[in-house]
Amino acid sequence: MNLEQGAPMAAGMGTEPSRSRRPSAPHEGSHAHRQATVQFGMWVFLASEVLFFGGLFLAYTQGRVNWPAGFAAASRHTDVWLGTLNTALLLTSSGFAALAAEFSAREVGAARRHARICLWATVALGLTFLAVKGFEWHSEWIEGLFPGPGFQLEPGQAPPMGAEQFFMLYFVMTGLHALHMVAGVIVMGVLAWRAEEGVALPIEAAALYWHFVDIVWIFLYPLLYLVERHS
Amino acid sequence: MSETAALLKRVGLTVLALLVLLALSLGSSHLNLGSGNLAASLLIASMKAALVVTIFMKAGRSVRLVRLVLVASLAWLALLLSLGSLDFLTRDVQPAAWQVPRQIEPAVEQLDVRPPHDAAKRPR
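Scope of this entry: the structure provided in the associated data block. Computed from a prediction, not measured in an experiment: that's the story for all the values here.

So, on to the overall build of chain B. Counting its secondary structure elements, chain B contains 4 helices and 0 strands. The helix and strand sequence of chain B, counted from the amino end, reads α-α-α-α. The proportion of buried residues among the 124 residues of chain B is 26%. For chain B, contacts bridging at least 24 residues in sequence account for 50% of all contacts bridging at least 6. As presented, chain B carries roughly 9200 Å² of accessible surface, and 67% of it is formed by carbon and sulfur atoms.

Next comes the structure, spelled out in structure tokens:
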């Protein structure tokens, strides 16, 4: 019995010298190791998401290079104030997500309650973002800005070349971003529900995801709302 | 408690910096800077993203593997955008006036009017 218990330990000790040469590598099975694994897995997923959105940004670049005037005219029809409000909401929600990750990593009960409050705040800000975005889409639909046979920038006037392509990209990019937000809100909501059960690692992973979705919006905001606002 | 205060201060200041950058981005877009408008808004967006990545996502304090993934993802994105843009950024566009589409008369004498079964009899 002693031998059986001792064998894996000995095997573990056998790998010690190679580990000691790399002090940053955490011990397998330890909390630090699990944390590193969770972080690595989430970052690899986010790297694939970078390329997923990257293709859309490439399509946007192509459109804007080809039809600069059409993109500028179309962008002036987006609601810059609602877009700015939504950016502020999302940036603030990222702050709450960061706080939630920090608080949940602490062992103290009070910190976990703080984590729960921060997660609910993140969810509330995310839902407000989605509500504002939904209102924007509705107004744009009524205005005839949704691409299709009825597309128009000004009633009774032919839209400039590229304006419809801009709104095609606008709806695809903000729509996919909103889908990511919905997923994030659901995950954050479930974790807020379970915040006091000690789900620090899932909260850390969800916060990383939330920050990524925030970064996507940070780039969408100037590219969709702020094209030649001055003229 | 002081640890919590320091945390709140760090995150609060970061959110404040992000909101200031947002105001700068909105303000700069209302000035006529020519092509500088796009450069300014992308620069400000990159600064905001850098703040989120370094302070909220703690990329600098993560394990080496995570930093490798971050750098690799940016490198792949650069490849995607640069190689993907090669064609339309280097293509010589020569604008022409819009022409109404019209049916061109078929050149009858050049058409092979033999029925299809004749084609099978042709020497190969």
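Before going further, it helps to spend a moment on the overall build of chain A. Looking only at helices and strands, one finds 8 helices and 0 strands in chain A. The secondary structure elements of chain A, listed N-terminal to C-terminal, are α-α-α-α-α-α-α-α. Looking at the 231 residues of chain A, the share that counts as buried comes to 49%. Expressed as a percentage of contacts within chain A between residues at least 6 apart in sequence, the contacts between residues at least 24 apart total 80%. Of the roughly 10800 Å² of accessible surface on chain A, 68% is carried by carbon and sulfur atoms.

Should the charged atoms of two oppositely charged side chains come close, the side chains can pair. All told, the structure shown has 6 salt bridges over all chains when counted by the stated rule. Residue Arg 91 of chain B is joined to Asp 87 of chain B by a salt bridge in which the shortest nitrogen-to-oxygen separation is 2.7 Å. Relative accessible area serves as the criterion here: at 53%, Arg 91 of chain B is assigned to the exposed category. Ionic contacts of the salt-bridge type, sharing partners, join the residues Glu 102 of chain A together with Arg 10 and Lys 58 of chain B into one network.

Its place among the elements puts Ser 85 of chain B in helix α3 (residues 64–90). Not counting residues within four places of it along the chain, the set of residues in contact with Ser 85 of chain B comprises Leu 58 and Thr 61 of chain A.

With that out of the way, let us pick up the packing of aromatic side chains. Residue and element names in this part refer to chain A. Summed over all chains, the structure comprises 17 aromatic pairs over all chains. Taken together, a centroid distance of 5.4 Å and an interplanar angle of 65 degrees make the contact between Tyr 60 and Phe 71 edge-to-face. Residue Tyr 60 is located in helix α3 (residues 31–66), and its partner Phe 71 is located in helix α4 (residues 68–75); the two are separated by 11 residues in the primary sequence. The residues Tyr 60 and Phe 71 share a single accessibility class, namely buried. Their ring planes at 80 degrees and their centres at 5.3 Å tell us that Phe 71 and Phe 166 sit as a pair that is edge-to-face. Of the two residues, Phe 71 sits in helix α4 while Phe 166 sits in helix α7 (residues 163–193), which places them 95 residues apart along the sequence. As far as the burial class goes, Phe 71 and Phe 166 line up, both buried.

Calculation criteria
Residues numbered from 1 in each chain as written. Chains lettered and ligands numbered in written order. Predicted model: local features only at pLDDT ≥ 70, side-chain atom pairs only at ≥ 80, totals over all residues. Heavy atoms only, no water. Helix = DSSP H or I, 4+ residues; strand = E, 2+ residues; numbered from the N terminus. Buried < 20%, exposed > 50% of the residue type's maximum accessible area, 1.4 Å probe, protein only. Contact = heavy atoms within 4.5 Å. Areas by Shrake-Rupley, 256 points an atom, 1.4 Å probe, with all protein chains shown as cover. Salt bridge = Lys/Arg side-chain N within 4 Å of Asp/Glu carboxyl O. Phe/Tyr/Trp six-rings, centres within 6.5 Å; stacked < 30°, edge-to-face > 60°.

Just distances and angles here, no functional claims.
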